[in-house]
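# Tertiary structure, described
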Amino acid sequence: VIVRDYRRYDPNFGSYPIPILEIKQMLGRAGRPKYDTQGDAIVIAKNDMEALQVLDRYIRGEPEEITSKLASESILRMHRLSLIATSFATSKNELLEFIEKTFFGFQYGTETVANIIDQVLEFLEKEELIQSKSGRIYATEFGKIVSRLYIDPLSAVIFKKAISKAKLDDLTIGLLHLI
């Protein structure tokens, strides 16, 4: 494996170093498990000073802490809605059982996860993306569409409210502004 650039460009932040964990993941791909007993990995530096920095940071350095991406509110809303819309989980207990088995559940614990699920379900029901009957949770037609489009339910709610308030003759400009 040859890593020719250990920096990445982002239009918002400019050039920045790739995380240690990501470089170690790349380097760990060297060699073929069935055929090789070892693999070679190289990180290219432009000069001796840079080579020392690369050695200290990427070879000797400790990887960053891993955190679950489900900790993001928008991801949680989308994820919960998709589980309900596909009937993978049809009750709060099924949602809780599922999320307890994830890295997010491991990181945050049952009580915190249960509180977060309650908040997400409350939002989804209030905004008519889901409905509950006799302890079962179902996606509404609106919820199913939002889930299929794979957008944050909050964005969908903002779109829906804006469209419902728009005047017909202003709709085109209003939709462009909304987007």
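Heads up: these notes are all about the structure in this document. As the structure is a computational prediction, the values presented were derived from the model and not from experiment.

Turning our attention to the pairing of strand β5 (residues 130-133). Pairing of β5 with strand β6 (residues 136-139), which is carried by four bridges, proceeds in the antiparallel orientation. Counterpart to serine 132 in the pairing with β6 is isoleucine 137. Hairpin geometry of β5 and β6 is characterised by an intervening segment of two residues between the two adjacent antiparallel strands and by a positive phi of about 55 degrees at serine 134.

Here we come to helix α4 (residues 92-100). Think of an α-helix as turning once every 3.6 residues; residues three or four places apart then point the same way. All of the buried residues along α4 are Leu95, Leu96 and Ile99. Angularly, the buried residues of α4 cover 95 degrees about the axis, an arc narrow enough to put them on a single face. Where α4 is buried, its residues meet α3 (73-85), α5 (103-126) and β6.

Below, the discussion takes up the pattern of salt bridges. With the rule as written, the count across this model stands at 11 salt bridges. Of the charged contacts, one joins lysine 144 and glutamate 141 as a salt bridge, the two residues approaching to 3.6 Å between their closest N and O atoms. Here the residue lysine 144 and the residue glutamate 141 both occupy positions in helix α6 (residues 141-149), the gap between them amounting to three residues, near one helical turn. On the accessibility criterion, glutamate 141 (53% relative accessible area) is exposed.

Summed over the entire model, instances satisfying the criterion amount to four aromatic pairs. Residues phenylalanine 88 and phenylalanine 98 carry aromatic rings whose centres are separated by 5.3 Å and whose planes lie at 80 degrees to one another, so their mutual orientation is edge-to-face. With phenylalanine 88 in the loop between α3 and α4 and phenylalanine 98 in helix α4, this residue pair connects regions lying 10 residues apart in the sequence. Stacked on the ring of phenylalanine 123, the Lys or Arg arginine 77 has its end atom at 5.6 Å from the ring centre. Note that lysine 160 overlies the ring of phenylalanine 142, its terminal NZ or CZ placed 4.4 Å from the centroid.

A few words now on the packing of helix α1 (residues 20-27) against helix α2 (residues 48-59). Contact geometry of α1 with α2 gives a least axis separation of 9 Å together with a crossing angle of 90 degrees. The angle between the axes of α1 and α2 places the two elements in the roughly perpendicular class. For the pair α1 and α2, the contacting residues are Ile20, Ile23, Lys24 and Leu27 in the first and Arg57, Tyr58 and Ile59 in the second.

The subject of this paragraph is the pairing of strand β2 (residues 7-10). Examined bridge by bridge, β2 and strand β3 (residues 14-17) share four bridges and lie antiparallel to one another. Within the sheet, the bridge partner assigned to tyrosine 9 lies in β3 and is serine 15. Between β2 and β3, which pair antiparallel in sequence order, lie three residues.

Reading the values: rules and limits
Residue numbers restart at each chain and count upward from 1, following the sequence in its written direction. Residue-level local features of this predicted model are given only where pLDDT is at least 70; pairs of side-chain atoms are given and counted only at 80 or more, and the full residue set underlies all totals for whole chains, interfaces and linings. Side-chain metrics in this entry use all non-hydrogen atoms of the structure; hydrogen atoms and water are not considered. Pairing between two strands requires that DSSP report at least two bridges joining them. Helix numbers and strand numbers start at the N terminus; a helix is a DSSP run of H or I with at least 4 residues, a strand a run of E with at least 2. Burial classification: accessible surface area is computed with a 1.4 Å probe over protein chains only, and a residue below 20% of its type maximum counts as buried, one above 50% as exposed, and the rest as partly exposed. The arc refers to the directions leading from the helix axis to the C-beta atoms. Here a residue-residue contact requires only that any non-hydrogen atoms of the pair lie within 4.5 Å. Between Lys or Arg on one side and Asp or Glu on the other, a salt bridge is scored when a side-chain nitrogen of the former is within 4 Å of a carboxyl oxygen of the latter. Each Phe, Tyr or Trp ring (for Trp, its six-membered ring) is paired with any other whose centre lies within 6.5 Å, and the angle between the two planes then decides the class: stacked below 30 degrees, edge-to-face above 60, tilted in between. Two thresholds decide whether a charge sits over a ring: the Lys NZ or Arg CZ must be within 6 Å of the ring centre and within 35 degrees of the ring normal. Between the N-to-C directions of two axes lies an angle of 0 to 180 degrees, each axis being a line fitted to C-alpha atoms and, for a helix, fitted only over the stretch in contact. To sort the angles, those under 35 degrees are grouped as roughly parallel, those over 145 as roughly antiparallel, those from 65 to 115 as roughly perpendicular, and the leftovers as oblique.

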